[in-house]
Structures are given as C-alpha cells and as structure tokens.
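Residue-level structural notes
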Amino acid sequence: MQEQVPAESTAEGIAASLAERFGERFSVDPSLEGLGELARIAGHRVHRRFLPRAVEPALLRLLCACALSAPSKSDLQQGDILVVKDKGKQRAIAALIADMPWIADAPVFLVFLADGGRLPQIARLRGKPFPNDHLDLFFNAVVDSALVLATFMRAAAAVGLGCCPISAIRDRADVVSELLALPERVVPVAGLCVGWPAEAGGVTPRLGLETTLHEDRYRAGDLARELDAYDRRRERQRPYRRQRAPERWGEASFYGWSEDKARQYAEPLRADFGAFVRGKGFRLE
Ligand SMILES: Cc1cc2nc3c(=O)[nH]c(=O)nc-3n(C[C@H](O)[C@H](O)[C@H](O)COP(=O)(O)O)c2cc1C
C-alpha cells in the first residue's frame with residue numbers, strides 16, 4: 001500500500017520546491033486536489049545517472065500511450081515516439097555526442113519525432129490538394145512532438161522514473177535520421193534518456209516570475225537588474241563548477257547563468273539544421 005502523505009506536508013513541499021526554483025514564497029492551499037501531481041511538477045529535475053535496472057517493456061508502452069494522449073494541434077497527431085531498442089543503435093547515437101555518456105548508459109533511449117509527413121500522405125490518399133506545405137506544417141509538428149515529450153516526462157516521473165531530454169542528437173541530425181530510417185518530413189526533435197534514478201538530483205532555479213510571467217501585455221522590465229538578481233540567487237544555490245571557454249573569455253570573478261548562456265551562444269550552434277530540415281522536404285517559408 002502506498003504511504004499516505006499528509007496534504008499539509010505535500011503543500012509545504014510544493015512551496016519549498018517553488019521557493020528554491022523562483023526565490024519566492026507561494027501559498028499552497030492544503031485542501032487543493034492533485035497536490036501529489038503538483039509536487040512532482042514543482043520538484044522537477046532531469047536525471048542523467050541511472051541504476052542498472054531495466055524498465056519493463058509493458059511499463060514503457062504504458063508511458064508511451066500516456067504521452068501520446070497529450071493534446072494535439074487540430075487533432076492532427078503529428079508527434080511520434082521512436083523507441084531505440086537496438087543497443088547498437090543507441091551506442092552509435094551516443095558515440096556522436098562525446099560529452100554525454102548518459103546517452104549510452106540510459107536503460108531506455110527514445111527519440112521524439114515531428115511527423116509532418118503523414119498529413120500530406122493523408123491528402124494524397126484522400127485525393128485532396130495540400131496547399132499547406134509551409135512553415136506552419138513544421139511548427140505544428142514540432143509543438144505536438146514537444147508536448148508528447150513533456151507528457152512522457154510527467155508520466156515517467158509519476159512512476160518514479162527519471163529522464164533527460166537530448167537535443168544534442170540534432171547536432172548530427174543527418175546521421176540520426178539515417179540510422180533511424182526517418183522518411184520525408186519526419187525530423188528528430190529530441191532524444192530522451194529514461195531510467196530509474198541513481199541519485200535524488202536537485203531543483204534548478206529558474207528566472208524569477210517578474211521576468212517570465214506577464215499580465216495583459218508583455219512587460220519588458222529592467223532585464224540587467226533582474227538577471228543580476230537571478231545570477232546571484234542561482235550562485236548561492238547551484239554555483240557553476242566550471243566556466244565555459246575560459247581560453248576565449250578568460251576567468252570571470254563572478255560567473256552566473258547569464259554569463260554562461262552568453263558564452264554558450266557566442267559559438268555557432270547547429271547552423272546547418274535549417275538545411276537539414278529543408279533537405280527532409282519541409283518548406284519553411
Ligand atoms: C528540449 C530539451 C533538450 C535538452 N537537451 C539536453 C541535452 O542534449 N543534453 C543534456 O544533458 N541535457 C539536455 N536537456 C536538459 C536541460 O539541460 C535541463 O532541463 C536544464 O538544465 C534544466 O534542468 P532541470 O530540467 O533539471 O530543471 C534538454 C532539455 C530540454 C527541455
């Protein structure tokens with residue numbers, strides 16, 4: 001039997017996770033429905049270390065079915081999941097991304113696909129024109145796929161599994177596509193490592209809601225001040241262990257999130273992805 005956690009302690013746990021996340025105290029009504037689910041969402045963290053314990057195929061299939069129950073734009077159902085069962089293929093994908101050993105180690109590796117190919121096929125099968133071969137086809141498919149990914153992660157967390165999305169598979173989208181035999185207008189959105197977590201992990205602080213939550217109109221506040229407050233809050237909770245590219249940028253005396261992200265995006269990343277997507281037959285106009 002599952003242990004009953006008192007609602008007050010769950011409400012307190014949610015408030016504690018959100019305080020850690022946003023540096024702000026939220027009041028959580030202990031009489032709310034669904035506090036257990038909120039607690040898991042508020043306490044979200046990715047997992048990159050897994051126990052050497054298999055994930056039962058029936059459980060995996062159940063989680064995939066739950067994930068594919070995610071909402072879908074116009075009920076078009078353009079987000080697919082590919083289970084990489086062949087460990088040789090998983091190792092081949094991992095070998096493309098040298099600095100992420102958790103890809104090879106994950107008991108389960110999935111690839112979430114944006115499937116913009118089915119709809120034009122349906123048009124052909126039904127003898128209809130398809131005047132919608134433009135950016136929106138790609139965009140809708142990617143949104144659906146991302147929703148399926150996020151829903152999978154929620155479902156996995158509900159049964160105690162841990163996950164880590166892997167957008168790095170798009171660094172070599174052409175090779176991944178070839179390996180997984182992805183047809184026209186089907187592109188990988190992200191991989192996902194799944195397994196039983198080997199460690200508890202922790203909450204990663206996010207930008208304050210003053211920056212990311214708007215009311216009635218977009219409010220561009222004093223970004224420099226807000227970033228500084230976030231960088232310092234984050235430094236107290238989860239300081240960076242290493243500075244990125246010190247050979248290019250030197251050693252900063254204070255190294256916060258904004259410095260890290262600015263350094264990360266000072267390098268060209270995946271500049272060839274548009275060409276790959278076009279090469280797969282998507283028209284992005
Ligand atoms: C779409 C997406 C792609 C990601 N790609 C990678 C990746 O390639 N490698 C990795 O180790 N983590 C990846 N992550 C995990 C993020 O680094 C992680 O979510 C972020 O650092 C915040 O941590 P948290 O999710 O524990 O709050 C990805 C996350 C998302 C949502």
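We now turn to the structure provided with this report. (Residues numbered from 1 in each chain as written. Predicted model: local features only at pLDDT ≥ 70, side-chain atom pairs only at ≥ 80, totals over all residues. Heavy atoms only, no water.)

Secondary structure summary: the chain contains 13 helices and four strands in total. The burial tally for the chain puts 38% of its 285 residues in the buried class. Sequence separation of at least 24 residues holds for 74% of the intrachain contacts in the chain that already meet a minimum separation of 6. For the chain, the computed accessible surface area is about 16900 Å², with 54% contributed by carbon and sulfur atoms. With 40 positive and 38 negative side-chain charges, the chain shows a spacing of 4 Å between the two charge centroids. (Helix = DSSP H or I, 4+ residues; strand = E, 2+ residues; numbered from the N terminus. Buried < 20%, exposed > 50% of the residue type's maximum accessible area, 1.4 Å probe, protein only. Contact = heavy atoms within 4.5 Å. Areas by Shrake-Rupley, 256 points an atom, 1.4 Å probe, with all protein chains shown as cover. Lys, Arg positive; Asp, Glu negative; His and termini not counted. Charge placed at Lys NZ, Arg CZ, Asp CG, Glu CD.)

Time to look at the site of the ligand. Among the 14 residues in the neighbourhood of the ligand, the closest are listed as His44, Val46, Arg48, Pro165 and Ser167. With respect to the ligand, the side chain of histidine 44 contributes an N or O atom lying 2.6 Å from an oxygen atom. Note that an oxygen atom of the ligand is positioned 2.9 Å from one of the side-chain N or O atoms of arginine 48. If the ligand stood free it would expose 620 Å²; the protein chains cover 67% of that surface. Broken down by element, the residue count for the shell around the ligand peaks at three residues, all from strand E3 (residues 162-166). Grouping the amino acids of the shell around the ligand by side-chain chemistry returns seven nonpolar, three polar and four charged. (Near = heavy atom within 4 Å. Polar contact = N/O pair within 3.5 Å; in protein donor to acceptor, adjacent residues only side chain to side chain. Nonpolar A, V, L, I, M, F, W, Y, C, P; charged D, E, K, R; others polar.)

For the rest of this paragraph, the subject is the nonpolar core. Judged by nonpolar contacts, the single largest core of 23 residues is most densely connected at Leu110, Phe112, Phe152, Leu161, Leu192 and Val194. Elements that contribute at least two residues to this core include exactly helix H3 (57-67), strand E2 (108-115), helix H7 (135-158) and strand E4 (186-195). Broken down by element, the residue count for this core peaks at six residues, all from H7. Counting 20 residues, the second-largest nonpolar core is a separate cluster that includes Ile97, Phe109, Leu180 and Val186. (Core = buried A, V, L, I, M, F, W, Y, C linked by side-chain atoms within 4.5 Å.)

In this section: the pairing of strand E1 (residues 79-83). For E1, the tally of buried residues reaches four of five residues, placing the bulk of the element in the interior. Sheet analysis places E1 next to E2, joined by five bridges and oriented antiparallel. Counted as the bridge partner of aspartate 80 is leucine 113 from E2. (Pairing = 2+ DSSP bridges.)

Attention now moves to the pattern of salt bridges. Applying the stated rule across the entire model yields 17 salt bridges. In this structure, glutamate 12 engages arginine 25 in a salt bridge whose closest nitrogen and oxygen atoms are separated by 2.7 Å. With glutamate 12 in helix H1 (residues 7-22) and arginine 25 in the loop between H1 and helix H2 (35-42), this residue pair connects regions lying 13 residues apart in the sequence. By relative accessible area, glutamate 12 is classed as partly exposed at 43%. Where glutamate 199 meets arginine 49, a salt bridge forms, and the shortest distance between an N and an O atom there is 3.6 Å. Of this pair, glutamate 199 sits in the loop between E4 and helix H9 (209-212) while arginine 49 sits in the loop between H2 and H3, and the two are 150 residues apart along the sequence. Glutamate 199 gets classed as partly exposed once you look at its relative accessible area, which sits at 45%. (Salt bridge = Lys/Arg side-chain N within 4 Å of Asp/Glu carboxyl O.)

Given two aromatic rings, one states the distance between the centres and the angle between the planes to describe the pair. Under the definition given, this model contains six aromatic pairs. When the ring of tyrosine 230 is compared with that of tryptophan 257, the centres are 5.3 Å apart and the planes differ by 70 degrees; the resulting orientation is edge-to-face. Placement of tyrosine 230 in helix H10 (residues 223-237) and of tryptophan 257 in helix H12 (residues 257-264) is noted, with a sequence separation of 27 residues between them. Judged by its relative accessible area of 21%, tryptophan 257 falls in the partly exposed class. The ring of tryptophan 196 carries arginine 53 above its face, with NZ or CZ at 4.0 Å from the centroid. Geometry around phenylalanine 254 places arginine 232 over its ring, the cationic atom sitting 4.2 Å from the centre. (Phe/Tyr/Trp six-rings, centres within 6.5 Å; stacked < 30°, edge-to-face > 60°. Lys NZ or Arg CZ within 6 Å of the ring centre and 35° of its normal.)

Phi at glutamine 77 takes a positive value of approximately 60 degrees, unusual for a residue other than glycine. Within the secondary structure, glutamine 77 is located in the loop between H3 and E1. One non-glycine residue with positive phi stands out, namely arginine 185, at about 60 degrees. Topologically, arginine 185 is positioned in the loop between helix H8 (173-179) and E4.

Before going further, it helps to spend a moment on the sheet that holds E3. Taken together, the four strands give an open sheet; going across it, the order is E1-E2-E4-E3, and neighbouring strands pair in antiparallel fashion. Strands with a single pairing partner mark the edges of an open sheet, and in this sheet they are E1 and E3. Across the sheet, the mean angle separating the axes of adjacent strands is 25 degrees when strand polarity is ignored. (Axes fitted to C-alpha atoms, helices over the stretch in contact; angles between N-to-C directions.)

Running from N to C, H3 and H7 point in directions that differ by 135 degrees, and their axes come no closer than 8 Å. Classified by the angle between their axes, H3 and H7 sit oblique to one another. Every pair of crossing elements has a handedness; the one defined by H3 and H7 is right-handed. Where H3 approaches H7, its residues Leu60, Leu63, Cys64, Cys66 and Ala67 are matched on the opposing element by Val148, Thr151, Phe152, Ala155 and Ala156. Class assignment for the residues of the contact of H3 with H7 results in nine nonpolar, one polar and no charged. (Parallel < 35°, antiparallel > 145°, perpendicular 65-115°, else oblique. Left-handed = near helix turned anticlockwise from the far one by under 90°.)

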